[in-house]
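Breakdown of the fold
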Amino acid sequence: MANAMTLATADADGRPSARIVLLKDFDSSGFVFYTNCDSPKGQELTINPFASLNFYWKSSQRQVRIEGPIGRVSDQEADEYFATRPRGSQLGAWASRQSQPLASRQSLIDEVDRFDKEYGNSSVPRPPFWSGFRLMPLFVEFWQAGEFRLHDRFGFSRSAEGDAWATTRMYP
Ligand SMILES: Cc1cc2nc3c(=O)[nH]c(=O)nc-3n(C[C@H](O)[C@H](O)[C@H](O)COP(=O)(O)O)c2cc1C
């Protein structure tokens, strides 16, 4: 399964930012990734809960664009996923104040060690600032490269979850 995707968010002034995150789950209710909720992306998604995802497959010359409203997954869902992660990743989630200035790599390693000692032999709980977001698609576009840049593009759009999709072929 392709799992690296570009996530675009915008701040309260409409300034966009984009970064890669990993797709961890998807079904008819949407596309899920996990992150530090206090990170810039987490803050932007709280202020402006609408986002765009982008997948690109160079080998097959395909792009998929997805847009829609986004919200936090339930605490139970996040707990269940967090519990499946390796202990090292769990400790890393506690240690990382994602996107804050970090004095040195050693400081990060020291933080991980601190949490490792704190939890000892017990299981590591999910940090309250770490969770998942689910984007519910209202627009999906499939792009397939064509000869002489005569690409095929199909857009699927709907106004709300559960509505029928309207399909449009678009100029390349
Ligand atoms: C292949 C790849 C996968 C990544 N997966 C995630 C992810 O699942 N969650 C996450 O928070 N950051 C992930 N990152 C790091 C983000 O791209 C980004 O650097 C970080 O989340 C901080 O973003 P922000 O400052 O915009 O909040 C990944 C980066 C790469 C290159």
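Residues numbered from 1 in each chain as written. Predicted model: local features only at pLDDT ≥ 70, side-chain atom pairs only at ≥ 80, totals over all residues. Heavy atoms only, no water.

Some thoughts on the overall build of the protein
Along the protein, the regular secondary structure elements total four helices and ten strands. When the elements of the protein are put in sequence order from the N terminus, they spell out β-β-β-β-α-β-β-α-α-α-β-β-β-β. Seen through its C-alpha atoms, the protein measures out along the principal axes to roughly 60 × 35 × 35 Å. Considering only residue pairs separated by 6 or more positions, the protein has 56% of its internal contacts joining residues 24 or more positions apart. Carbon and sulfur atoms provide 53% of the accessible area of the protein, an area that totals close to 10,400 Å². Counting 20 positive and 21 negative side-chain charges, the protein places the averaged centre of each group 5 Å from the other. (Helix = DSSP H or I, 4+ residues; strand = E, 2+ residues; numbered from the N terminus. Contact = heavy atoms within 4.5 Å. Areas by Shrake-Rupley, 256 points an atom, 1.4 Å probe, with all protein chains shown as cover. Lys, Arg positive; Asp, Glu negative; His and termini not counted. Charge placed at Lys NZ, Arg CZ, Asp CG, Glu CD.)

Regarding the site of the ligand
Looking at the ligand, the residues that line it are Arg19, Ile20, Val21, Leu22, Tyr34, Thr35, Ser39, Pro40, Lys41, Gln98 and Ser99. Contacts to the ligand include Ser39, whose side-chain N or O atom sits 3.3 Å from an oxygen atom. With respect to the ligand, the side chain of Ser99 contributes an N or O atom lying 2.5 Å from an oxygen atom. Relative to its unbound accessible area of 620 Å², the ligand is 61% covered by the protein chains. Here the shell around the ligand takes four residues from strand β2 (residues 16-22), the largest share from any one element. Here the residues of the shell around the ligand sort into five nonpolar, four polar and two charged. (Near = heavy atom within 4 Å. Polar contact = N/O pair within 3.5 Å; in protein donor to acceptor, adjacent residues only side chain to side chain. Nonpolar A, V, L, I, M, F, W, Y, C, P; charged D, E, K, R; others polar.)

What to know about the nonpolar core
One finds Met5, Phe33, Leu53, Ile66 and Ile70 to be the most contacted residues of the largest nonpolar core, which totals 17 residues. Contributions of two or more residues to this core are made by β1 (4-10), β4 (30-36), β5 (50-57), β6 (62-72) and β7 (130-135). Once you skip the residues sitting within four places of it in the chain, Met5 turns out to touch Arg19, Ile20, Val21, Leu22, Leu23, Phe33, Leu53, Asn54 and Phe55. In terms of nonpolar packing, the next biggest core, distinct from the first, is built from 15 residues, Val73, Tyr81, Phe82 and Leu91 among them. (Core = buried A, V, L, I, M, F, W, Y, C linked by side-chain atoms within 4.5 Å. Buried < 20%, exposed > 50% of the residue type's maximum accessible area, 1.4 Å probe, protein only.)

Overview of helix α1 (residues 40-47)
Lys41, Gly42, Glu44 and Leu45 are the residues of α1 that are buried. Buried residues of α1 fall within an arc of 165° about the axis and therefore sit on the same side. Set apart from the buried face of α1 by more than 90 degrees, the exposed residues are Thr46 and Ile47. Lining the buried residues of α1 we find β1, β2, β4, β5, β6 and β7. (Arc of directions from axis to C-beta.)

Points about the pairing of β2
In this structure, β1 lies alongside β2, joined through seven bridges in antiparallel fashion. Looking at β2, one finds that Thr9 is bridged to Ser17. (Pairing = 2+ DSSP bridges.)

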